[in-house]
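A look at the structure
One-letter residues, chain by chain:
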Amino acid sequence: AMEDAGGAKSEEAAFFELFVPGRLCLFGEHSDWAGAHRRDNAGIRPGRTLVAGTQQGLFARCRRLKENVLKLTSVREDGTLEGPFEVPLHPHALLSVAQAGGFWSYGCGTAYHLLTNHRVGGLEVHNYRTTLPLRKGLSSSAAFCVLIAKAFGLCYGLHLTTRGEMEYAYQGEITTPSRCGRMDQACAYGSTMVTMTYDADLLHVERLRVAADLHLVLVDLCAAKCTTTILRELQRGFPHPADDVQRGVHELLGATNERVVAQAEAALAAGDLETLGALMTHAQDRFDALAGPACPEELVAPVLHRTLAHAALHPHIHGAKGVGSQGDGTAQFLCKSAADAEAVCEIIERELSMKPLRLTIAANFEHVGEVPESPHNPGPVGVGPFANGGGAPGDEPYHPDVSNDSASKVEALQAEVARLRAELAAAR
């Protein structure tokens, strides 16, 4: 028998079932960690991302163990079995694995932080099915961290909020050599569309109204990228830029990003997918111009740009851009219809010999806005590892200066996109 967080004696338990989705960042990649630097430089604008949970993800079973160990197994998307991997549930052992990096580092990093703050015992997690591509900008590593946090919470009755799960997953991932921002852990919210705002250590989450189905195709570019290198080079200019290239990255992830994300929200609310697609193309152009010079070895991304420019795809799409940290990992295409999405998949497979993945984000007409405070959604408080969030009393989240009137936003948006299209046409 072992003692749980409440002091009760228990034996090994039956398995619980879990599912954690991936997440797709439609707009705002990299602005999450950039916004966190406001704690050291108030001149940096808050980061904003527009994020959707995916239908693809990690399926797992978890149970508590009598032995004081963390036991992990995982089946990759291609069916390859990793593990079983076993490590003593001891801070030094977990920290050593996490800091060394590698496949199991994410789970061990998350377990380390949970063990630091809670009286938990042994845990077994068997990720028996994976439908989420690894290392393709869909936050597979963050999903695994969230999976471990959820598993401990469920098996030991920790009553973690969604924000608490996110915080443990974030702390777990940054204990590894990865230097992600807080956006990746949005997969804890499940398969929904949200806007996330990052103001130093404050996190604000809002659900979005989506007035039309989004038919997306994600494309595994079947090439190589190094997210660690991209993050390292883009972060060199934070919190204080030292040259024009670094100032360009600040502009991209600050004022430019705020404007594009606000316009994308308005387009989603109005069901204006043509404008949303044009914004994707514009966002990619600005990323290439302002972030590319900071890390040319990764962000020249020849495979990504050849794929985005493939002429046979253009009649079927509203727009396209890179995914996640960018580079030659994954591209996303916003298609005109379900039939067009099928056509894009066929072209990708037949003409480019790449791997497409369809993702449909269904329209919703529910009440949107701030995610309400509840046992699973603690509201816009300072992020902290415990069940009720954590932020200092009186802390207020950042609210972007955008009108709530969707009609007026869309009218302004359409004028702006027309101007952008004229600029892009002139540049070509």
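Residues numbered from 1 in each chain as written. Predicted model: local features only at pLDDT ≥ 70, side-chain atom pairs only at ≥ 80, totals over all residues. Heavy atoms only, no water.

Turning our attention to the sheet that holds strand β12 (residues 330-335). If you trace the four strands from one edge of the open sheet to the other, you get β11-β12-β10-β13, paired in antiparallel fashion. Unpaired on one side and paired on the other, β11 (317-322) and β13 (355-361) mark the two borders of the sheet. Each strand axis lies, on average, 20 degrees off the axis of its neighbour in the sheet, ignoring direction. Each of β10 (214-220), β11 and β12 is contacted by helix α8 (residues 273-290), which is oriented at about 30 degrees to β11, the strand it contacts most. (Pairing = 2+ DSSP bridges. Helix = DSSP H or I, 4+ residues; strand = E, 2+ residues; numbered from the N terminus. Axes fitted to C-alpha atoms, helices over the stretch in contact; angles between N-to-C directions. Contact = heavy atoms within 4.5 Å.)

To continue, consider the environment of N364. Mapped onto the fold, N364 is located in the loop between β13 and β14 (369-370). C-alpha separation for the pair N364 and V210, spaced 154 residues apart in sequence, amounts to 5.2 Å. N364 has contacts with L208, R209 and V210, leaving out every residue within four places of it along the chain. Reaching out from N364, the side chain makes a polar contact with the backbone oxygen of L208 at a distance of 3.3 Å. (Polar contact = N/O pair within 3.5 Å; in protein donor to acceptor, adjacent residues only side chain to side chain.)

Ranked by internal contacts, the top residues of the largest apolar core, which has 76 residues, are L26, F27, L70, F152, M193 and L214. Formed by 19 residues, the second largest nonpolar core is a distinct cluster that contains A301, V303, A320 and V344. (Core = buried A, V, L, I, M, F, W, Y, C linked by side-chain atoms within 4.5 Å. Buried < 20%, exposed > 50% of the residue type's maximum accessible area, 1.4 Å probe, protein only.)

Right, let's talk about α8 for a bit. Compared with the 26 Å implied by 1.5 Å per residue over 18 residues, the 25 Å span of α8 between its first and last C-alpha is a close match. Turning to α8, its buried residues number three or more, namely L273, T275, L276, G277, A278, L279, M280, H282, A283, Q284, F287 and L290. (Expected span 1.5 Å × (residues − 1).)

As for its placement among the helices and strands, H250 is situated in helix α7 (residues 244-270). Leaving out residues up to four positions away in the same chain, H250 has contacts with N41, I44, G237, F238, P239 and P241.

Between helix α3 (residues 105-117) and helix α4 (residues 140-156), the least distance of the axes is 8 Å, while the angle of their chain directions is 40 degrees. By crossing handedness, the relation of α3 to α4 is classed as right-handed. Contacts between α3 and α4 involve Y106, G107, T110, A111 and L114 from the former and S141, F144, C145, I148, A149 and F152 from the latter. When grouped by side-chain class, the residues that make up the contact of α3 with α4 number eight nonpolar, three polar and no charged. (Left-handed = near helix turned anticlockwise from the far one by under 90°. Nonpolar A, V, L, I, M, F, W, Y, C, P; charged D, E, K, R; others polar.)

With that out of the way, let us pick up the pattern of salt bridges. Under the criterion given, the structure shown has 14 salt bridges. Linking E258 and R45 is a salt bridge whose minimum nitrogen-to-oxygen distance equals 3.0 Å. Separated by 213 residues along the polypeptide, E258 in helix α7 and R45 in the loop between α1 (31-36) and β4 (47-65) bring together distant segments of the chain. By relative accessible area, which is 14% here, E258 ends up buried. In this structure, R63 engages E124 in a salt bridge whose closest nitrogen and oxygen atoms are separated by 3.0 Å. Remark: E124 occurs in strand β7 (residues 122-130) and R63 occurs in strand β4; sequence separation between them is 61 residues. Looking at R63, the relative accessible area reads 22%, which means it is partly exposed. Among the charged side chains, a salt-bridge network with shared partners connects R232, E233 and R236. (Salt bridge = Lys/Arg side-chain N within 4 Å of Asp/Glu carboxyl O.)

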